[in-house]
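# Secondary and tertiary structure notes
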Amino acid sequence: MSGMSNYGFEVQVNGEHLCKAGIDTDRHVVTCILTSLRRLTEPDELTLTVSGLNSVTVEHPEWVDMDLRVGDTITIKVVASEFDPARRIRPKISKEELPLLKRHN
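As the structure is a prediction and not an experimental result, all values here were calculated from the model. Within any chain, residue numbers begin from 1 and follow the written order of that chain's sequence. Reporting of local features is limited, given that this is a predicted model, to residues whose pLDDT is at least 70; pairs of side-chain atoms are given and counted only at 80 or more, and all residues count toward the totals for whole chains, interfaces and linings. Note that the side-chain values use all heavy atoms of the structure and ignore hydrogens as well as water.

## Digging into the pattern of salt bridges
We count it as follows: For this analysis, a salt bridge means a side-chain nitrogen from Lys or Arg found within 4 Å of a carboxyl oxygen belonging to Asp or Glu. Relative accessibility under 20% of the residue-type maximum defines a buried residue, over 50% an exposed one, and the middle range a partly exposed one, all with a 1.4 Å probe and only protein chains included.
The full count for this structure, using the stated rule, is four salt bridges. Among the salt bridges present, the one from Glu-42 reaches Arg-39, with a minimum N-O distance of 3.6 Å. A relative accessible area of 28% places Arg-39 in the partly exposed class. The structure contains a network of salt bridges with shared partners spanning Arg-39, Glu-42 and Glu-45.

This is how it looks when you write it as structure tokens:
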């Protein structure tokens, strides 16, 4: 991978466009996470989350947080431009939590 492009992910579920997730900064992370979770005392979870970290503003954008069903087809295409705004942004972490974050960047 070369150059100055910011990469992101265009995500579809069952052919329906959900988002073009990406962050236009020099330092960031964008993730698409599929989770199948089984626990003894709580209901099973089957979810798709598309979110990230803007390391410049220390904000956490979130594009998708949805439940999935058996048979759902998830399509993820790598893209490099024209990202959708996040549906919500979790704010900066408190100063007490910042040292934990900095260890991972």
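Here the narrative resumes, following the displayed structure.
## Focus: the sheet that holds strand 1 (residues 8–13)
Put simply, the test is: When DSSP finds at least two bridges between two strands, those strands are taken to pair. Secondary structure is summarised from DSSP: a helix means a run of H or I of at least four residues, a strand means a run of E of at least two, and numbering begins at the N terminus for each. Comment: axis = line fitted to C-alpha atoms, over the contacting stretch for helices; angle = value between 0 and 180 degrees taken between N-to-C directions.
Reading across the sheet, the three strands line up as 2-1-6 and stay open at both edges, with antiparallel pairing between neighbours. At either end of the open sheet lies a strand with only one pairing partner, and these are strand 2 (16–21) and strand 6 (74–79). Strand-to-strand twist of the sheet, defined as the mean angle between neighbouring strand axes without regard to direction, takes the value 20°. Pairing between strand 1 and strand 2: five bridges, direction antiparallel. By the bridge assignment for strand 2, Val-11 is matched with Cys-19.

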